[in-house]
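Each chain, written out:
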Amino acid sequence: MRETTYSRRAVVGTTGIAAVTLLAGCSGGGSGDDRTADREYLDEEPAYDNWFEGVDNYNGTVDWTGQEAVTVEVGYNQYEFDPTAIAVSPGTTVTWEWTGMGGGHDVVSEGEAGLLESDLVNSEGHTYSHTFETSGLYRYRCTPHESLGMRGTVYVE
Ligand SMILES: [Cu+2]
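Our subject in this report is the structure included herewith. Within every chain, residues take consecutive numbers counted from 1 along the sequence as written. Note on the predicted model: pLDDT of at least 70 is required for a residue's local features to be given, and 80 or more for side-chain atom pairs to be given and counted; whole-chain, interface and lining totals, by contrast, use all residues. Side-chain calculation: all heavy atoms of the structure are included, whereas hydrogens and water are not.

**Some remarks on the environment of Glu124**
For step 1, the next point in the chain: Among the structural elements, Glu124 can be located in the loop between strand 6 (108–110) and strand 7 (127–132).
For step 2, the next point in the chain: Along the sequence, Glu124 and Trp98 sit 26 residues apart, while their C-alpha atoms lie 5.2 Å from each other.
For step 3, the next point in the chain: By definition in these notes, contact holds between two residues if any of their heavy atoms fall within 4.5 Å. Excluding anything up to four places from it in sequence, Glu124 contacts Trp98, Thr99 and Gly100. For helices the rule is a DSSP run of H or I covering at least 4 residues; for strands it is a run of E covering at least 2, with both sets numbered from the N terminus onward.

If you want it as structure tokens, here you go:
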């Protein structure tokens, strides 16, 4: 005797999952940017003043609160940090990871002198990390490309 029930049930299950996935895809809003599609943003923006003036990829503060570790790309679209504005909880480790695009970049604090001070690096995969223990708004920029809008923030709740 052969047992065929198992395989038939498996086929039905797979079809169900495919249908659900298709529906979810249709409601996505159609921005076409996979990087930003799943991001959630703060309802109220911190007081950035003019910090993001001329920063093309700033479109709100990505809510990464409640996470132990997050990663920001350095050299996204060559001269951008991505995401350029993030919110985290105290104790979160932020790692900046170099894409290798756009030449040499660094991550250097503005205002809070010396808190963030990476080397000036031009190699894909290089990383620099800092654990933020104290609430506040931390502005930083890439020294060579600050005037091109390569500026970012970490908002620690
Ligand atoms: Cu740069």
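There's plenty left to go through after this.
**Some points on the coordination of the copper ion**
Tetrahedral coordination by four donors places them ideally at 109.5 degrees to one another around the metal; octahedral coordination by six donors ideally gives 90 or 180 degrees.
For step 1, the next point in the chain: For Na, K and Ca the donor cut-off is 3.2 Å, while for other metals it is 2.8 Å, and in both cases only N, O and S atoms qualify; water is not among them, so sites may look incomplete. On the protein side, the copper ion has His105 (ND1), Cys142 (SG), His145 (ND1) and Met150 (SD) as donor atoms, found 1.9 to 2.6 Å from it.
For step 2, the next point in the chain: One can describe the site at the copper ion as tetrahedral: its four donor atoms subtend angles covering 92 to 129 degrees at the metal.
For step 3, the next point in the chain: Donor residues for the copper ion, ordered by position in the chain, follow H-x36-C-x2-H-x4-M. Placement of the pair is His105 in the loop between strand 5 (92–98) and strand 6 and His145 in the loop between strand 8 (136–141) and strand 9 (151–156), with a sequence separation of 40 residues. For the residue pair His105 and His145, the accessibility class agrees, reading buried in each case. Square planar and octahedral sites, with four and six donors, are those where opposite donors lie more than 155 degrees apart and all other angles lie between 65 and 115, tetrahedral sites have four donors with every angle between 85 and 135 degrees, and the rest are irregular. Only protein chains enter the accessibility calculation, which uses a 1.4 Å probe; a residue whose area is less than 20% of its type maximum is buried, one above 50% is exposed, and one in between is partly exposed.

**Topic: the pairing of strand 9**
For step 1, the next point in the chain: Counting buried positions along strand 9 yields five of six residues, so the element is predominantly enclosed.
For step 2, the next point in the chain: Strands pair, by our definition, only if DSSP identifies at least two bridges between them. Strand direction decides the pairing type here: strand 4 (residues 85–88) and strand 9, joined by four bridges, are parallel. Paired with Ile86 across the bridge in strand 9 is Val154.

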